[in-house]
Amino acid sequence: GDSVTQMEGPVTLSEEAFLTINCTYTATGYPSLFWYVQYPGEGLQLLLKATKADDKGSNKGFEATYRKETTSFHLEKGSVQVSDSAVYFCALSDRGDYKLSFGAGTTVTVRA
Amino acid sequence: KAGVTQTPRYLIKTRGQQVTLSCSPISGHRSVSWYQQTPGQGLQFLFEYFSETQRNKGNFPGRFSGRQFSNSRSEMNVSTLELGDSALYLCASTSETLSYNEQFFGPGTRLTVL
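Okay, so let's go over this structure. From a predicted model like this one, the values you see are computed outputs, not experimental measurements.

Attention now moves to the interface of chain B and chain A. The interface of chain B with chain A comprises 22 residues on the first partner and 18 residues on the second. Across the chain B to chain A interface the summed buried area is about 1,600 Å²; carbon plus sulfur atoms make up 59%. Put simply, chain B and chain A have 0 salt bridges between them. Along the contact surface separating chain B from chain A lie 4 residue pairs in polar contact (both at pLDDT 80 or more). Counting only elements with at least two residues in the side of chain B that touches chain A, the list comes to β4 (31-38), β5 (42-50), β6 (53-57) and β9 (87-94) of chain B. No other element matches β4(B), which puts 4 residues into the side of chain B that touches chain A. Residue classes in the side of chain B that touches chain A are distributed as 8 nonpolar, 9 polar and 5 charged.

Spelled out as structure tokens, the structure:
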């Protein structure tokens, strides 16, 4: 079945550092890929998405590119802020399927 | 538009009891999904409802059930609670007019089983 593997955390960074969180997936078809973010005490928010190979999703300075050849969707941000401290989840869903399969989540802490 | 709302936000129950959680989707969204989030198992899909019909189901025992009403509001029920059912239960809704599955999540219901 479908599965997502993402980099284990926690990750601790200083403000303005570069962030990358690795995510690889296994899927039988051509899934849509997502990054969700969860702030303390809240639900999940969609951070960015990509629906086909070579698509680049971007939002709030974060970027991720759908790489079919390496089955990857790594999240990057060039300069993190304290407000980026959160748990980040990589996820996929098959076409026409409203079920999301999530990675284990990566806790990111940014220090001032 | 108001977001996805879930009630109650917090619940404390004892083993053997049953519990009902409620979710109101974003207006116009007809698909509602439920997920369980625990530190050990992460985020796991429970089930998805569309137009009052269960379309997809995850690998959870029959103690977990759900339903959807004609106004798209959904409830999930857990019977004979076990300690391991302690979790954050998240509800998400989506619009079928989108070409991709963007799910909008509620804040969750934190269930503690003692």
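A cis amide bond links A:G9 to the next residue, A:P10, at an omega of -5°. One can find A:P10 in the loop between β1 (3-6) and β2 (11-14). A cis amide bond, omega -10°, links B:T7 with the succeeding residue B:P8. Residue position: B:P8 is located in the loop between β1 (5-7) and β2 (10-13). Even without being glycine, B:E52 reaches a positive phi, approximately 70°. Looking at the secondary structure, you find B:E52 in the loop between β5 and β6. Of note in this structure, B:S72 is not a glycine but carries a positive phi near 75°. With respect to the helices, strands and loops of the structure, B:S72 is situated in the loop between β7 (64-68) and β8 (74-78). B:S72 gets classed as buried once you look at its relative accessible area, which sits at 11%.

In this structure, A:W35, A:F73 and A:Y88 are the most contacted members of the largest nonpolar core, which totals 26 residues. Of all the secondary structure elements, the ones that give two or more residues to this core are β2, β3 (19-21), β4 (23-26), β5 (32-38), β6 (44-50), β8 (62-65), β10 (86-93) and β12 (106-111) of chain A. For this core, the leading source of residues is β10(A), giving 4 residues. Counting 21 residues, the second-largest nonpolar core is a separate cluster that includes B:V4, B:Y49, B:V78 and B:L111.

We now examine the sheet that holds β8(B). Residue and element names in this part refer to chain B. Taken together, 4 strands build an open sheet; the order of strands is β1-β3-β8-β7 and the sheet is antiparallel. The sheet terminates laterally at β1 and β7, the two strands that pair on one side only. Between one strand and the next, the sheet's axes are offset by a mean angle of 20°, whatever the strand orientation. In this structure, strand β3 (residues 19-24) lies alongside β8, joined through 5 bridges in antiparallel fashion. The residue of β8 that forms the bridge with S22 is E75.

What counts and how
- For every chain, the first residue of its written sequence is number 1, and the numbers climb from 1 along that sequence.
- Key to labels: chains lettered from A, ligands numbered from 1, both in the order written.
- Confidence filtering applies because this is a predicted model: local features only for residues at pLDDT of at least 70, side-chain atom pairs given and counted only at 80 or more, and all residues used for totals across whole chains, interfaces and linings.
- Side-chain measures were taken over the full set of non-hydrogen atoms in the model, leaving aside hydrogen atoms and water.
- Residue contacts are defined here by distance: any two heavy atoms, one from each residue, within 4.5 Å place the two residues in contact.
- Buried area is understood as the total, over both parts, of accessible area removed when two parts are fitted together, assessed with a 1.4 Å probe.
- Whenever Lys or Arg places a side-chain nitrogen within 4 Å of a carboxyl oxygen from Asp or Glu, that contact is recorded as a salt bridge.
- Each polar contact in these results corresponds to two N or O atoms within 3.5 Å; when the atoms are within protein, one needs to be able to donate a hydrogen and the other to accept it, and residues that are neighboring in sequence are counted only if both atoms are side-chain atoms.
- Comment: elements are numbered from the N terminus, with helices defined as DSSP H or I runs of at least four residues and strands as E runs of at least two.
- Gly is placed with the polar residues, together with every amino acid not listed as nonpolar (Ala, Val, Leu, Ile, Met, Phe, Trp, Tyr, Cys and Pro) or charged (Asp, Glu, Lys and Arg).
- When accessible area is computed with a 1.4 Å probe and restricted to protein chains, residues below 20% of their type maximum are described as buried, those above 50% as exposed, and intermediate ones as partly exposed.
- Nonpolar cores are built from buried Ala, Val, Leu, Ile, Met, Phe, Trp, Tyr and Cys residues. Side-chain atoms within 4.5 Å join them into one set.
- At least two bridges found by DSSP between two strands is the condition for calling them paired.
- The angle between two axes is taken between their N-to-C directions and runs from 0 to 180 degrees, where each axis is a line fitted to C-alpha atoms and a helix contributes only its stretch in contact.

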